[in-house]
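# Report on the structure
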Amino acid sequence: MDYNNLPDISLFHDRIDVQIRFNDVDVLGHVNNTVYFAFYDTGKAHYFNSVGGKPVDWKHVDMVIANVNCSFMAPIFYGEDIEVLTTCLSISNKSMRILQFIREKGTGQIKSACETIMVCFDPATGQTTPVPDDWKKRAEEFEGRPLIKEKSN
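Scope of this entry: the structure provided in the associated data block. Just so we're clear, the structure is a prediction, and the values are computed from it rather than from any experiment.

## Quick notes on the overall build of the protein
Secondary structure summary: the protein contains 2 helices and 6 strands in total. Order of helices (α) and strands (β) in the protein, N terminus to C terminus: β-α-β-β-β-β-β-α. Here the C-alpha radius of gyration of the protein, 16 Å, is about what a compact globule of 153 residues would show, namely 15 Å. Counting only C-alpha atoms and orienting by the principal axes, one finds that the protein spans roughly 45 × 35 × 30 Å. Looking at the protein as a whole, 38% of its 153 residues qualify as buried. Restricting to contacts in the protein with at least 6 residues of sequence separation, those with at least 24 account for 69%. Approximately 8,500 Å² of the protein is accessible, and the part contributed by carbon and sulfur atoms is 53%. If you average the places of the 16 positive and of the 21 negative side-chain charges in the protein, the two averages end up 4 Å apart.

Here it is as structure tokens:
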């Protein structure tokens, strides 16, 4: 992902406000870089609920993070009004590419961008599994565009 040429905000159909807690701020006065990943996880959970049309059943985990790349573009300060925007860029046989932004709502300033590869996974066997067809269909309907990339993992 070329973080200097980010996609248009209109690509994102899922957004969630995130509260900055006092203990999220480090000695430099801004949100610590490790906290961004908690914000992104909150965004992913909200996205999965939105696409699935129901809350995620956390007792039956069937998707894990295989890779995550994050760029920090501007610091987040305590008291800023921020949100996480999430979209699915593509779905292949066993994985999907998720793109997320953290931005300040008032100004629209992008604070961070993150691309994550999620892999379907069977915890009982420890093996990857295909992305369910019903998930692919719901994701494409939610995003309003084709997402399926054939012949790749």
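## Examining the pairing of strand β1 (residues 14-18)
In summary, the side chains of a regular strand alternate between the two faces of the sheet. Here β1 shows a clear split, with Asp14, Ile16 and Val18 buried on one side and none of Arg15 and Asp17 buried on the other. The pairing of β1 with strand β3 (residues 82-91) spans 5 bridges and is classified as antiparallel. Opposite aspartate 14, over in β3, you have threonine 86 as the bridge partner.

## Remarks on the pattern of salt bridges
What the rule picks out here adds up to 10 salt bridges. When the shortest N-O distance is used, the salt bridge between lysine 137 and glutamate 141 registers 4.0 Å. Residue lysine 137 and its partner glutamate 141 are located together in helix α2 (residues 133-143), separated by 4 residues, close to a single helical turn. Judged on exposure class, the residue lysine 137 and its partner glutamate 141 are both exposed.

## Overview of the pairing of β3
Counting buried residues along β3, 10 of its 10 residues qualify, which places the element largely inside the surrounding structure. Bridge count for β3 against strand β4 (residues 95-104) is 9 bridges, and the pairing is antiparallel. Bridge pairing in β4 places glutamate 83 opposite arginine 103. As consecutive antiparallel partners, β3 and β4 are separated by 3 residues.

## Overview of the packing of helix α1 (residues 33-52) against α2
Between α1 and α2, whose axes approach to 9 Å, the crossing angle comes to 100°. In this view, α1 runs roughly perpendicular relative to α2, as classed from their interaxial angle. Contacts from Tyr47, Phe48, Ser50, Val51 and Gly52 of α1 reach α2 at Trp135, Arg138, Ala139, Phe142 and Glu143. A per-class count over the contact of α1 with α2 returns 6 nonpolar, 2 polar and 2 charged.

## Notes on the environment of aspartate 41
If you trace the backbone, aspartate 41 turns up in helix α1. Given the relative accessible area of 39%, aspartate 41 is considered partly exposed. C-alpha of aspartate 41 to C-alpha of lysine 54: the two residues are 13 residues apart in sequence and 17 Å apart in space.

## Some details on the side chain of lysine 111
Residue position: lysine 111 is located in strand β5 (residues 110-122). Overall, lysine 111 belongs to the buried group, its relative accessible area being 2%.

Here is what the cut-offs are and how they apply
- Residues numbered from 1 in each chain as written.
- Predicted model: local features only at pLDDT ≥ 70, side-chain atom pairs only at ≥ 80, totals over all residues.
- Heavy atoms only, no water.
- Helix = DSSP H or I, 4+ residues; strand = E, 2+ residues; numbered from the N terminus.
- Rg over C-alpha atoms; globule rule 2.2 N^0.38 Å.
- Buried < 20%, exposed > 50% of the residue type's maximum accessible area, 1.4 Å probe, protein only.
- Contact = heavy atoms within 4.5 Å.
- Areas by Shrake-Rupley, 256 points an atom, 1.4 Å probe, with all protein chains shown as cover.
- Lys, Arg positive; Asp, Glu negative; His and termini not counted.
- Charge placed at Lys NZ, Arg CZ, Asp CG, Glu CD.
- Pairing = 2+ DSSP bridges.
- Salt bridge = Lys/Arg side-chain N within 4 Å of Asp/Glu carboxyl O.
- Axes fitted to C-alpha atoms, helices over the stretch in contact; angles between N-to-C directions.
- Parallel < 35°, antiparallel > 145°, perpendicular 65-115°, else oblique.
- Nonpolar A, V, L, I, M, F, W, Y, C, P; charged D, E, K, R; others polar.

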